[in-house]
Amino acid sequence: MQFVSDPSIASKITKMKQRVLWRDPLMQQRDIDQTRLVLDDGQADSPEFSFLVLGDSGSGPHRGHNPQRRIAERMLPHRDECRFILHTGDVVYLVGSSDYYLKNFIEPYREFLVGGERYKSIPYDRMVFNLPFLPVPGNHDYYDLPFLYGILAQATLPIRRLLESRIDLDVGWRGSGQGNVYARAFLDYLKALGNAAEVDAHLARHYTIRTSTGYCLRYQPGHFTRLPNRYYTFRVGGIDFFALDSNTFNAPEPPPPTPSGDQYRRQLEVQRMDMEKQILEILEASANLDPNKPEEAEQLDDLHAKLEQLEEVKQDIDKQLSPPKGPAIDLEQLEWLQQRLIESWHTKSVRGRVLFFHHPPYVTEATKWHQAQTLTVRRNLRRALDPVADAVSELAQGRPVVDLVLNGHAHCLEYLRTVDTGHADANTNWIVCGGSGYSLRRQRMEGTELQESFEGMARGDRRTVAKSHLYVGRSGQGSQKRRPYSCLRIDVKDGSPPKFVVRPILAEYSQRQWRDYDLDHFEI
């Protein structure tokens, strides 16, 4: 039985639109842009500012140690010097359940919440942040539990508790409600207001700042800290930030109905059977380990990481073998990105652009590069950026369309730079920040250069499209195993194009002890 289920792209789009009353007549009447916010934090809009980045954080304690809490504590000394926090997705594992927001989010980040000293009394859908917290949804924030599992989980509670005690799955008996929990936690959930009069009064109170694209949401830390949509944009210090929901443009294409496509399908089916076998072996092995014994607890952590990795690969295979009905590409979002990037380039006060979304198009983590959804995200992002490059070529004068891309999903910290890709994503800085609390991953054995084959090349020929310049993830074996969890501080410097000083902040767990340290900063 499939352990987690991922809603279709059509369902994600439709449900999220309903929750924010997308393009409701009241929005039209008030000329509201539902994809934009303005940070109203009382600070001067200086061209030099700093912000924090984390991702893939939302897990509870790992056998007596809590990586997510450790990273939160490492962020605290930087809080007063930073304008905001970006989160690259997967806020709560394993299935974005409301049951786990207290343990896997509210408790570890309590100092960043109003009333955090009484964190146990904060409902997940009533959080208010004292520092702007700006996330994007990850795949786990959309995941649900299969209906049968939910019934079994309730009917066999002792068995479920035994299972969770062995591998710490953090699933409860509910899923995300097709992203509903994430929406209630972070979005301006207008659907819950009840009637048109209440919605109108709410809009009059919180959508009061006039911009070039209409009135938009006023994000007020300490008071009102909602996001207008699952994807959105904001501007700080002359830098335009674009938050995307990559969960709606990452659906892999099925194998083509050709002899080679049929052969590839058979290979996927064999691979899937092998995944199922390995998952069962992990569950059996977990049942024989005692989490109260330190050495066996370490083994359980490793099995937990392997289980989640196998489930992820199996999900990727399932999407190729049984593609969902309905649209496979969120064209509306990608067209919005195109339009807003072109507008950004034609705005004289804007000197740089940053994208952040969950699934990395470029990454050297052990399992991600060859996944079908990685290829799909990369293709769709190129399709969005290429027309922008054509439209602004005279203004850009050889500059990349965007200055920096931030991602999560891969449980590591990595800095890559693309070379000539033949597309508008060439010569761009990419940072993966997905090692902020969940099980870390190793770097792939194939090395630090990423290669692709292109149309017109001889069969089997490939060329380098990106190079990894920094990778921080799980390493070592046995008692020498190292788990360096991470977040980032990024300092934005004045000037056009802007310079970004990247400061990796680490908390490493090794030999059952923590060690805090920072890597040397680097400028991009």
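Before reading on, note that the structure itself is shown above.
On a predicted model such as this, the values are computed, not experimentally measured, just so you know.

Student: An account of helix α1 (residues 9-19) is requested, with residue identities and associated values reported.
Tutor: The set of residues buried in α1 consists of Ile9, Ser11, Lys12, Ile13, Met16 and Arg19. Of the surrounding secondary structure, the elements contacted by the buried residues of α1 are α7 (180-186). Phi for Leu21, located one or two positions after α1, is positive at around 50°.

Student: Lay out the pattern of salt bridges with the relevant residues and their values.
Tutor: Evaluated as defined, the whole model comprises 42 salt bridges. In this structure, Lys12 and Asp6 form a salt bridge, with 3.1 Å as the shortest nitrogen-oxygen distance. With respect to class, Lys12 is no different from Asp6; both count as buried. The salt bridge involving Asp491 is made with Arg503; its shortest N-O contact spans 2.5 Å. Note that Asp491 is positioned in strand β15 (residues 482-492) and Arg503 in strand β16 (residues 500-510), a separation of 12 residues in sequence. Residue classification places Asp491 among the buried positions, given a relative accessible area of 6%. Each member of the salt-bridge network shares a partner with another, and the members are Arg272, Glu276, Glu311, Lys314 and Asp318.

Student: An account of the side chain of Arg74 is needed here, citing residue identities and associated values.
Tutor: Structurally, the position occupied by Arg74 is in helix α3 (residues 67-75). There is a polar contact of 3.0 Å between the side chain of Arg74 and the backbone oxygen of Tyr517. If we ignore the near neighbours within four places in the chain, the residues touching Arg74 are Ile505, Leu506, Ala507, Asp516, Tyr517 and Asp518.

Student: Can you explain empty space enclosed by the protein? Please cite residues and give values.
Tutor: Across all of its chains, the model carries 6 cavities of 30 Å³ or more by this definition. Put simply, the second largest cavity is a space of about 70 Å³. In terms of lining residues, the second largest cavity is bounded by Asp6, Asn139, Tyr143, Asn250, Glu312, Gln315, Asp316, Lys319, His359, Gln373 and His409. Sort the elements by how many residues they give to the lining of the second largest cavity and helix α10 (residues 294-321) lands first, with 4 residues. In the lining of the second largest cavity, the residues fall into 1 nonpolar, 6 polar and 4 charged.

Student: Kindly report on the packing of aromatic side chains, identifying the contributing residues and their values.
Tutor: Applying the stated rule across the entire model yields 31 aromatic pairs. Seen from their ring centres, Phe105 and Phe186 are 5.7 Å apart, and the 85° between their planes marks the pair as edge-to-face. Placement of the pair is Phe105 in helix α4 (residues 101-106) and Phe186 in helix α7, with a sequence separation of 81 residues. Ring pairs connect the aromatic residues Tyr101, Phe105, Tyr109, Tyr124, Phe129, Phe133, Tyr182 and Phe186, which therefore count as one cluster. Positioned above the aromatic ring of Phe454 is the side chain of Arg463, whose terminal nitrogen or guanidinium carbon lies 4.0 Å from the ring centre. Across from the ring centre of Tyr517, 4.1 Å away, lies the NZ or CZ of Arg515, which sits over that ring.

Student: So, the packing of helix α9 (residues 259-287) against α10: which residues are in play, and what are the values?
Tutor: Packing of α9 against α10 brings their axes to within 9 Å, and their N-to-C directions diverge by 155°. By the angle between their axes, α9 is roughly antiparallel relative to α10. Judged by the twist between their axes, the crossing of α9 over α10 is left-handed. Each residue belonging to the contact of α9 with α10 can be placed in one class, and the counts come to 14 nonpolar, 4 polar and 8 charged.

Thresholds, definitions, all that
- Residues numbered from 1 in each chain as written.
- Predicted model: local features only at pLDDT ≥ 70, side-chain atom pairs only at ≥ 80, totals over all residues.
- Heavy atoms only, no water.
- Buried < 20%, exposed > 50% of the residue type's maximum accessible area, 1.4 Å probe, protein only.
- Helix = DSSP H or I, 4+ residues; strand = E, 2+ residues; numbered from the N terminus.
- Contact = heavy atoms within 4.5 Å.
- Salt bridge = Lys/Arg side-chain N within 4 Å of Asp/Glu carboxyl O.
- Polar contact = N/O pair within 3.5 Å; in protein donor to acceptor, adjacent residues only side chain to side chain.
- 1 Å grid on protein atoms, 1.4 Å probe; cavity = no way out; pocket = protein on both sides within 12 Å on 5 of 7 lines; lining within 4 Å.
- Points joined across faces, edges and corners; volume = space filled by probe spheres on them.
- Nonpolar A, V, L, I, M, F, W, Y, C, P; charged D, E, K, R; others polar.
- Phe/Tyr/Trp six-rings, centres within 6.5 Å; stacked < 30°, edge-to-face > 60°.
- Lys NZ or Arg CZ within 6 Å of the ring centre and 35° of its normal.
- Axes fitted to C-alpha atoms, helices over the stretch in contact; angles between N-to-C directions.
- Parallel < 35°, antiparallel > 145°, perpendicular 65-115°, else oblique.
- Left-handed = near helix turned anticlockwise from the far one by under 90°.

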